[in-house]
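# Structural overview
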Amino acid sequence: GIHLMQHKYVRDLLHKMNMTDAKPVSTPLPAHPKLTLRGGRPLSDGSQYRSVVGSLHYLAFTRPDISYAVTRLSQFMHQPTEDHWQAAKRLLRYLVGTQTHGIFFHKNTPLTLHAFSDADWAGDTDDYMSTNGYIIYLGKNPISWSSKKQKGIARSSTEAEYRAVANTAAEVTWLCSLLSELRIDLHHPPVIYCDNVGATYLCANPVFHSRMKHIALDYHFTRNMIQAGQLRVSHVSTRDQLADTLTKPLPRSQFQLACHKIGVAPAPPS
């Protein structure tokens, strides 16, 4: 197979920030306390912070393990504080110990499409918006992932998770169209794994409840795909939810286990 990494890019970024010899840490962001918009004293000049976060966006193309951290730090670009700058430097310290990490594409893998979808309900303590996260696999290979805040406030965890499923379904639809143009046939409909029982039941329930009218577009988009046999939504336990790393900061043991399951690994010895 092929191992994709950006070792030189990471090394150059650390050299630019004079952090080549910094002490490495085991997670990109601490699980507690959470970053807030007004935490810490505002930086007199936020240009360096913006430059670092912008550079990390490019690195996230091959590093799903830092996607949530980069997304979170990006939310403070307009008014970074000392706390945000310390969090950015912590992420750089994480990269010190994972310079050769990347994703491995296996040569022999089944042509099946499946995704893991998750949402951190009201996880942002500033505006109480939820964070969507998904990771999509072609066989054993991760090919698409995202970590992004939802545009509106969800009134329940089921609503937040269902919106995340609809967002994942849209990306899966695009990937199916792309594979079709490449003349790659999928023999089974794609599967989206969700760890919220309410959202999973809502996908399977043909009755549209009046209390769900405010998410009608997401509901009908997902339901039409399921009824047409183009998609299947299945429940997965929270323990096996691989998209957890894309919606919230995790403790060290959970984070390292999730990264291993996702497929982020150091470069094999040459």
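On a predicted model such as this, the values are computed, not experimentally measured, just so you know.

## Examining the nonpolar core
With 32 residues, the main nonpolar core has L56, I66, L73, L91, L92, Y94 and L95 as its most contacted residues. Tallying contributions element by element places helix α4 (residues 82-96) first for this core, with 8 residues. The contacts of L91, once residues within four sequence positions are left out, are P28, L56, I66, A69, V70 and L73. Core analysis: the second largest hydrophobic core is formed by 19 residues, A169, L175, I192 and V233 among them.

## Description of unusual backbone geometry
In the segment running from H32 into P33, the intervening peptide bond is cis, with an omega of -10 degrees. By secondary structure assignment, the location of P33 is in the loop between α1 (7-16) and α2 (47-59). With a phi close to 50 degrees, A122 is a non-glycine residue in the positive phi region. With respect to the element layout, A122 can be found in the loop between β3 (113-120) and β4 (131-138). A positive phi angle is found at Y128, which is not glycine, with a value near 60 degrees. Position of Y128 relative to the elements: it lies in the loop between β3 and β4.

## A few points about helix α3 (residues 67-74)
Of all 8 residues in α3, 7 are buried, a share of seventy percent or more. All of the buried residues in α3 are S67, Y68, A69, V70, T71, R72 and L73. Contacts from the buried residues of α3 go to α2, α4, β4 and β5 (141-149).

## Considerations on a nonpolar patch on the surface
Taken together, the side chains of W174, L178 and L182 present a nonpolar region at the surface, about 320 Å² in accessible area. Within the secondary structure layout, W174 lies in helix α5 (residues 157-181).

## A few points about empty space enclosed by the protein
Under the definition given, this model contains 1 cavity of 30 Å³ or more. Volume-wise, the largest cavity comes out at about 80 Å³. In this structure, the largest cavity is lined by T27, P28, L29, D65, Y68, A69, T245, K248, P249, L250 and F255. The residue inventory of the lining of the largest cavity, partitioned by class, reads 7 nonpolar, 2 polar and 2 charged.

The rules behind the values
Residues numbered from 1 in each chain as written. Predicted model: local features only at pLDDT ≥ 70, side-chain atom pairs only at ≥ 80, totals over all residues. Heavy atoms only, no water. Core = buried A, V, L, I, M, F, W, Y, C linked by side-chain atoms within 4.5 Å. Buried < 20%, exposed > 50% of the residue type's maximum accessible area, 1.4 Å probe, protein only. Helix = DSSP H or I, 4+ residues; strand = E, 2+ residues; numbered from the N terminus. Contact = heavy atoms within 4.5 Å. Patch = residues over 30% accessible without salt bridge, like charges linked within 9 Å, V, L, I, M, F, W, Y side chains within 5 Å. Areas by Shrake-Rupley, 256 points an atom, 1.4 Å probe, with all protein chains shown as cover. Salt bridge = Lys/Arg side-chain N within 4 Å of Asp/Glu carboxyl O. 1 Å grid on protein atoms, 1.4 Å probe; cavity = no way out; pocket = protein on both sides within 12 Å on 5 of 7 lines; lining within 4 Å. Points joined across faces, edges and corners; volume = space filled by probe spheres on them. Nonpolar A, V, L, I, M, F, W, Y, C, P; charged D, E, K, R; others polar.

Purely geometric stuff here, so don't read any function into it on its own.
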